[in-house]
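Chain by chain, the residues:
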Amino acid sequence: MALIDLNRDRERLKILWHLAWPAIIEQILGTMVSYVDTAMVGSLGANGTAAVSVNGPALWLIGGALMGLGVGYSVQVSNAVGAGDSDRARTIIQQGFLAALISGVLTCAIYEVLGGQISVWMGAKPEIRQSATNYLRIYAAAYPCMAFQGIFSSVLRSTGNSKTPLIINTQTNLMNMVLNFFLIYGTRTVTILGTSFTVWGAGMGVEGAALASAIAMSIGGLRTAWACFHQKGYETTLTCQALRPNRPIIRRALHLGTPAAVERVIINAGQIAMTALVAHALNTVALAANQIGNVAEGFCYLPAMGIGFATVALVGQGVGAGNREDVEAYGHLGGIIGVGMTVVTSIIMFIFAPNVMRIFNSDAAVVYEAARALRIQLFAEPLFAASNVYFAALRGVDDTKFPMYAGLVCMWLIRVPVAFVCTLKLGMGLPGVWLAMACDLGSRGILAMWRWYRRGWLKGLPQLNRDKAESKA
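Residues numbered from 1 in each chain as written. Predicted model: local features only at pLDDT ≥ 70, side-chain atom pairs only at ≥ 80, totals over all residues. Heavy atoms only, no water.

A. Structural view of the overall build of the protein. From N to C terminus, the protein includes 16 helices and two strands. Whereas a compact globule of 473 residues would reach a radius of gyration of roughly 23 Å, the protein reaches 23 Å, a difference of no more than 12%. For the protein, the C-alpha atoms occupy an extent of roughly 75 × 55 × 45 Å along the three principal directions. Scored against the burial criterion, the 473 residues of the protein give a buried share of 51%. Expressed as a percentage of contacts within the protein between residues at least 6 apart in sequence, the contacts between residues at least 24 apart total 81%. The centroid of the 35 positive side-chain charges in the protein is displaced by 3 Å from the centroid of its 24 negative side-chain charges. (Helix = DSSP H or I, 4+ residues; strand = E, 2+ residues; numbered from the N terminus. Rg over C-alpha atoms; globule rule 2.2 N^0.38 Å. Buried < 20%, exposed > 50% of the residue type's maximum accessible area, 1.4 Å probe, protein only. Contact = heavy atoms within 4.5 Å. Lys, Arg positive; Asp, Glu negative; His and termini not counted. Charge placed at Lys NZ, Arg CZ, Asp CG, Glu CD.)

B. The arrangement of the packing of aromatic side chains in detail. Applying the stated criterion to the full structure yields 15 aromatic pairs. Seen from their ring centres, F97 and F148 are 5.0 Å apart, and the 15° between their planes marks the pair as stacked. Highlighted residues: F97 in helix 4 (residues 86-121) and F148 in helix 6 (residues 143-158), separated in sequence by 51 residues. Like F97, the residue F148 is buried in the burial classification. Ring centres of F97 and F229 lie 5.8 Å apart, and the angle between their planes is 85°; this geometry places the pair in the edge-to-face category. Residue F97 is located in helix 4, and its partner F229 is located in helix 8 (residues 206-229); the two are separated by 132 residues in the primary sequence. Using a relative accessible area of 15% as the deciding quantity, one classes F97 as buried. On the basis of relative accessibility, which here comes to 7%, the residue F229 falls in the buried class. One aromatic cluster is present, built from ring pairs that chain together F97, F148, F152 and F229. (Phe/Tyr/Trp six-rings, centres within 6.5 Å; stacked < 30°, edge-to-face > 60°.)

C. Quick look at the environment of R444. Examined against the element boundaries, R444 turns out to sit in helix 15 (residues 430-454). Placed 32 residues apart in sequence, R444 and W412 show a C-alpha to C-alpha distance of 12 Å. The contact partners of R444, leaving out residues within four places of it in the chain, are I267, F384, S387, F391, A406, C410, M411 and R415.

D. Up close: the side chain of T172. Relative to the assigned elements, T172 resides in helix 7 (residues 163-183). In this structure T172 touches Q149, A216, M217 and G220, once residues within four positions along its chain are discounted.

E. Region of interest: the environment of V397. Along the polypeptide, V397 turns up in the loop between helix 13 (381-396) and helix 14 (401-425). As for V397 and A370, which are separated by 27 residues in sequence, their C-alpha atoms are 39 Å apart. When sequence neighbours within four positions are dropped, the list of residues in contact with V397 reads V315, V319, V327, W452, W457 and L461.

F. Main features of the pattern of salt bridges. A complete count under the given rule lists 12 salt bridges for this structure. Salt-bridge contacts for R12 lead to D326; the nearest nitrogen and oxygen are separated by 2.7 Å. Placement of R12 in helix 1 (residues 6-42) and of D326 in helix 11 (residues 324-360) is noted, with a sequence separation of 314 residues between them. In this structure R12 comes out as buried when scored by relative accessible area, which is 1%. Salt bridges linked by common partners bring R12, E325 and D326 together as one network. (Salt bridge = Lys/Arg side-chain N within 4 Å of Asp/Glu carboxyl O.)

G. Broad picture of the state of the cysteines. Tallied over the full model, the rule gives zero disulfides. Of all cysteine sulfurs in the structure, the one in C108 sits closest to C145, which takes part in no disulfide; the separation is 9.8 Å. Looking at C145, the relative accessible area reads 16%, which means it is buried. In this model C228 remains outside any disulfide bridge; the closest cysteine sulfur is found in C145, 15 Å from its own. (Disulfide = S-S within 2.5 Å.)

Geometric descriptors of this kind do not, in isolation, establish any biological role.
Below, the structure written as structure tokens:
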């Protein structure tokens, strides 16, 4: 197919953007709210922040697994939507409910039983272990409902509905902030415009932050499931028959979702290793700079993540419809838009890096180190955007293992070794860690584009090859 067909691609671009912009806004708003949430917990002091952050790796691990489940069922739904088979889409949604319920309950049970040990394994100091354990157990109580949100947000997008997840997730985050305000802090006197009044507060501290998150995300998860089951054209009911395991759907969900989940685990493990390297080999200024640098960098790639959500849905629909032209065009357009938007955000961040860092920290040394490190990595940010979009497109065409292998190679054979050499052998400090990150993310982008445009994934999709053969005939 021709890479550019102005008339046809103009219409595709409208469809892609219609699906992508709510996902982009959702990512940006969610990140901003998480910053506020972190600041509210941070007001409790160093121990409060540590009690929450020490649970990060365990929570990231489950987040990756839920993302994999979302891929496993949402790609199947997008295929059914593309094929015009609404009955099959309903069946997959029902099976997604079963998978979410089982995985959520199982995760909750594991964390409730092992909560005390997990904080020790994560290196919690004795003075914060009880608070860390309490936080994890309260937070984990919401996992059955959080699994609904993780899976059904992806399923809704796969049907072409990205506005509903935006609305629900935004409301969930705002609810979390309001509950934080009342549950973290004790009863106090607040003065606004010269008027003082008493505001009730539970004064639960770290446990209050966990309870606020658990309540908000439980409600958000249930609302997302309800919205998915009442989606126009895909209205679905739950019956005993519908909840009986459907082995072909479950097998395909595992085939699609397991590599995505493993990829996240691989990358998260590497990020933990990088954090440990900075913490042990560098000073406190570098550790703080590394943290706020990562926070600021998120604003650069969030648009590409939103484009990726739209791309995997539309590519999956194209596969279901047997339309090779749509499959290739949406992958191509998604990549162009994602990379283009990231080039713009990276240039802006490069220019204003010190100003942005001052938002998160007032220490001049921390601001300088963070801005210097981030500017090194920004040169690779457009390639990172390419990996986000093209790996999403590859998942849409059932090529789920390649992103996993690329993540493994780039993280553990490039980023980790390069970081250790630059930091411990060459004495480059924090810039060496971020140079290694740039090498990793840049390599992922190159591999993603190579895989997509080489079209090796077509071998596993005979319906698209037949479409090409018939068009030639």
